[in-house]
Each structure stands twice: as structure tokens, then as C-alpha cells.
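Residues per chain, in single letters:
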Amino acid sequence: MTIHLPDSRGGLRAYEPRAEPLALAPGAPLTSRTVFSAAHVVADPYADVSPDSAAAVDWDATLAFRRHLWSHGLGVAEAMDTAQRGMGLDWAGAAELIRRSAAEAKAVGGRIACGVGTDQIAGGSLVEVRAAYEEQLALVEATGAQSILMASRALAAAARGPEDYLEVYGHLLRQAAEPVVLHWLGPMFDPALEGYWGSSDLDTATDTFLEVIAAHPDKVDGIKVSLLDAQREIDIRRRLPQGVRCYTGDDFNYPELIAGDEQGFSHALLGIFDPLGPLAAEAVRVLDTGNVGGFRELLDPTVELSRHLFQTPTRFYKTGVVFLAWLAGHQSHFTMVGGLQSARSLPHFARAYELADGLGLFPDPKLAEERMKNLLSLYGVAQ
């Protein structure tokens with residue numbers, strides 16, 4: 001069967017869908033790397049809401065997707081930007097998501113870490129920012145989940161220099177009950193985070209970031225770096241105190257960063273591991289045997305899809321992630337909280353389908369083809 005897909009020039013091209021998916025069954029626990037998938041939320045398509053309403057979440061489908069990730073040995077990074085945190089999912093929705101997912105993780109024995117931010121306030125003083133972080137940290141710790149201290153728009157607006165970041169993060173780390181993950185999210189993911197750590201100069205910002213860690217190494221399990229700059233991540237990784245991990249958040253260069261070099265490697269906390277979950281887990285199992293070449297052979301071909309989904313404006317990558325979850329049968333619809341399903345173009349969806357199908361990511365290629373044709377029909381593209 002042939003499907004005709006639109007291209008960026010306004011034409012159509014013929015594509016022959018893959019007949020069989022890649023066979024990827026759950027396997028042994030991952031041992032050589034700690035790997036988290038930042039998971040998306042599934043909207044309730046029957047809710048009568050508008051893009052600026054509070055999110056209506058389909059909790060059953062959302063938790064089912066997390067069980068899918070856990071079944072393949074991945075950890076779940078909950079209530080992160082992949083879950084549309086600050087882009088459709090407010091703090092009330094995120095808090096409920098954290099409570100439900102943490103309880104589900106306990107029930108099935110899954111690993112979970114949850115985002116701690118300040119999105120219950122739109123802005124404020126440093127004292128108010130710190131209090132907002134404390135409220136969220138207390139909630140996550142009460143569930144028994146690991147905490148990920150996310151970058152804060154409110155802190156970026158309130159801070160006057162590196163010393164304000166040192167004070168706020170130092171206070172939070174001193175009171176954290178268990179070691180946390182520090183998340184540096186670059187402005188390509190959220191423009192409001194420009195100049196984080198007190199400077200738009202990345203070398204200066206890196207020094208401040210590392211100063212926070214050096215002052216509290218026993219309270220930092222690791223860092224997640226999302227700057228889409230492989231060499232900078234490697235440089236930061238080599239400067240970390242002994243025992244502090246680097247979790248790559250680089251959705252452009254993750255195979256080489258996870259594989260590592262003679263001086264170390266990165267673990268992973270990635271939004272692209274939402275659609276790649278089973279394949280990513282299989283690749284790490286190959287790496288667990290010491291077969292770096294086999295790991296790269298499995299994961300390198302996925303980079304083109306990831307770079308497509310995360311292309312500028314990068315913050316809309318969530319749309320492609322949810323689109324692929326729909327095609328893969330993990331949810332019955334392509335509706336997103338905040339109406340974000342409209343954030344990418346039809347040619348973008350067509351290329352995402354083609355790349356994902358070519359990788360064998362769809363458990364039922366025929367279902368994916370039918371759903372892609374339904375979307376094309378909705379846009380007026382006849383087959």
C-alpha cells in the first residue's frame with residue numbers, strides 16, 4: 001500500500017509504509033546507565049475546555065503509558081516539560097499527576113522522579129520564589145519520589161545575578177531530604193529562561209551552576225543538561241564532583257553522550273525517550289554487555305527523528321511526541337492539553353510519521369497508517 005504524504009513545498013510524495021514493526025519486548029533491568037523517559041500526559045478529548053482552561057487529563061491513559069515505559073525498564077521523569085508543564089498543565093494539574101504517578105510507581109515497582117518548580121506563581125520576589133519551590137519540594141518528597149529541581153521562570157525574572165541563584169538553590173539543597181537532580185533547561189526549550197544562573201554567557205553560567213553543586217555534593221544526585229550542545233555537556237560532566245551523575249537532556253546528541261568516552265559518560269533523562277522507549281531500552285541493554293558499537297547501531301538511526309521533532313521552535317516538540325503516541329496506539333486520539341496539537345504543520349507530521357515508521361516504532365504499522373490517512377483527510381489531502 002502507498003500513502004501520499006505532503007512535503008514542505010506544497011506537493012505530495014508517495015511513501016510505502018513498513019510492513020512489520022521492530023520486535024521489542026520487555027527485558028532485563030538496565031544496569032550500565034540510569035535512564036529516565038520524560039513522559040507526556042494524555043488529554044481528555046471529551047472535556048469541554050478551551051486552550052486557556054485548566055487541563056483536563058485522561059488519567060487512565062496517562063498512567064497506562066507510564067506502565068508501558070516501566071515495563072521496558074525505563075524510569076519515568078514526571079511532570080517535566082514533556083508533560084507540558086507551563087504549556088497547558090498548571091501546578092494543580094501537575095500536583096495531581098505527581099501524586100497519581102508516584103502511587104502507580106509504588107504499585108508496579110517503577111522508578112520515578114518528579115519535577116519541582118515554581119509554576120504556582122507567575123512571578124514575585126526571591127522569598128516568594130523560594131517558598132514556591134519549597135511547597136512543591138514538600139509535595140514530591142511526601143510521595144516518596146525523587147525530586148528534580150527544575151529551572152524557574154519566576155527565578156529567572158527575579159534574580160539580579162549569580163548570587164541570587166546560589167542563595168535560592170543552596171537553601172533548597174540544604175533542606176532536601178534526599179539527593180536531587182538539578183535541571184538546566186536552555187532558552188531553546190523555554191525563552192523565559194534566557195540568562196539562567198545569572199548570565200547569558202554560558203561559560204559564566206556554567207561556573208555558577210557548578211559552584212552550586214560543589215557546595216552541596218551530597219545533596220545532588222545528578223544534573224540534567226538540556227542545552228543541545230554536546231561538547232558543553234561533556235565539559236560540564238568532566239568537572240562534576242565525584243559521585244554526581246550527568247543525565248543528558250540533549251535530544252540532538254544523546255547516543256554519543258550516553259556511550260561516553262574514556263573519561264566518562266552520561267546517563268539519560270530525555271523527552272525523545274517517550275516515543276523511543278522500547279528501542280532506547282533495548283539499546284541500553286546491548287550497552288550493558290559492553291557492546292558500544294551495537295548500542296550505537298540501534299540508537300544512531302533515531303537521531304534524525306529526534307532532531308525533526310525538536311526542531312525550532314524547540315518548545316513545541318511535545319506536539320510530535322503526542323502525535324507519535326497516537327499513531328502507536330498508546331492513546332485513542334490526537335488531542336493535547338492547551339490545544340497544542342495545532343503547534344506543528346501537516347508536513348511536519350508527515351515527516352515524523354515517515355521517520356518513525358521507517359524505524360519500526362509502531363507496534364501496529366497498519367493502525368499507524370490508517371490514523372495518518374485520517375489526519376491527512378482532515379486536512380483535505382485525498383489518497
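Predicted model only: the values in this text are computed from it and were never measured. (Residues numbered from 1 in each chain as written. Predicted model: local features only at pLDDT ≥ 70, side-chain atom pairs only at ≥ 80, totals over all residues. Heavy atoms only, no water.)

*Asks:* Can you break down the packing of helix α5 (residues 162-175) against helix α6 (residues 202-215) residue by residue, with the values?
*Replies:* Across the interface, α5 lies against α6 with an axial gap of 10 Å and an inter-helix angle of 25°. Considering their axes alone, α5 and α6 lie roughly parallel with respect to each other. Our pair here, α5 against α6, has a crossing hand that is right-handed. In this structure, α5 contributes Pro162, Leu166, Tyr169 and Leu173 to the contact, and α6 contributes Thr208, Glu211 and Val212. (Axes fitted to C-alpha atoms, helices over the stretch in contact; angles between N-to-C directions. Helix = DSSP H or I, 4+ residues; strand = E, 2+ residues; numbered from the N terminus. Parallel < 35°, antiparallel > 145°, perpendicular 65-115°, else oblique. Left-handed = near helix turned anticlockwise from the far one by under 90°. Contact = heavy atoms within 4.5 Å.)

*Asks:* How would you summarise the pairing of strand β2 (residues 12-15) if you had to cite specific residues and measurements?
*Replies:* A regular strand places its side chains on the two faces of the sheet in alternate fashion. Relative to β2, strand β1 (residues 3-6) runs antiparallel, the two sharing four bridges. Residue pairing in the sheet places histidine 4 in a bridge with alanine 14 of β2. Between β1 and β2, which pair antiparallel and follow one another directly, the connecting turn spans five residues, one of which, glycine 10, has a positive phi of 90°. (Pairing = 2+ DSSP bridges.)

*Asks:* I'd like to hear about the environment of serine 125, residue by residue, with values.
*Replies:* Tracing the chain through its elements places serine 125 in the loop between β5 (112-116) and α3 (126-143). Sequence separation of serine 125 and alanine 159 is 34 residues, and the distance between their C-alpha atoms is 8.5 Å.

*Asks:* Account for the side chain of arginine 285, naming residues and giving values.
*Replies:* In this structure, arginine 285 sits in helix α9 (residues 277-288). Notably, arginine 285 is buried but unbridged: the nearest opposite-charge side chain belongs to glutamate 282, and the N-O separation is 4.0 Å. Within the structure, arginine 285 has its side chain in polar contact with the backbone oxygen of alanine 28 (distance 2.6 Å). Contact partners of arginine 285, with chain neighbours within four places excluded, come to Pro26, Gly27, Ala28, Leu30, His72 and Gly73. (Buried < 20%, exposed > 50% of the residue type's maximum accessible area, 1.4 Å probe, protein only. Lys, Arg positive; Asp, Glu negative; His and termini not counted. Salt bridge = Lys/Arg side-chain N within 4 Å of Asp/Glu carboxyl O. Polar contact = N/O pair within 3.5 Å; in protein donor to acceptor, adjacent residues only side chain to side chain.)

*Asks:* Which residues make up α9, and what values go with them?
*Replies:* Given a rise of 1.5 Å per residue, 12 residues ought to cover 16 Å, and the 16 Å separating the end C-alpha atoms of α9 matches this to within 8%. Taken together, the buried positions of α9 are Gly277, Pro278, Leu279, Ala280, Ala281, Ala283, Val284, Arg285, Val286 and Leu287. Buried residues along α9 sit against β3 (35-38), α1 (59-71), α8 (254-259) and α10 (292-299). Backbone geometry just after α9 places glycine 290 at a positive phi near 90°. (Expected span 1.5 Å × (residues − 1).)

*Asks:* If you had to explain the pairing of β3 to someone new, which residues and values would you point to?
*Replies:* Taking every second residue as pointing to the same face, both faces of β3 are buried, with Val35 and Ser37 on one and Phe36 and Ala38 on the other. Summarising the sheet, β3 and strand β10 (residues 267-270) pair through three bridges and their orientation is parallel. Bridge pairing in β10 places valine 35 opposite alanine 268. With three bridges joining them, β3 and strand β4 (residues 75-78) adopt parallel strand pairing. In the sheet register, serine 37 faces β4, and the bridge partner there is valine 76. For the crossover from β3 across α1 to β4, the handedness is right-handed. (Right-handed = clockwise from strand over helix to strand, strands pointing away.)

*Asks:* A description of the nonpolar core should follow, citing residues and the corresponding values.
*Replies:* In this structure, Tyr169, Leu182, Tyr196, Ile223, Phe273, Phe323 and Tyr353 are the most contacted members of the largest nonpolar core, which totals 117 residues. When residues of this core are assigned to their parent elements, the largest contribution, eight residues, is made by helix α13 (residues 346-359). Ignoring anything within four residues of it in the chain, the contact list for leucine 182 reads Leu149, Tyr169, Leu173, Phe209, Val212, Ile213, Val220, Gly222, Ile223 and Lys224. Within the second largest apolar cluster, 10 residues are counted, among which are Phe36, Ala77, Ala113 and Val181. (Core = buried A, V, L, I, M, F, W, Y, C linked by side-chain atoms within 4.5 Å.)

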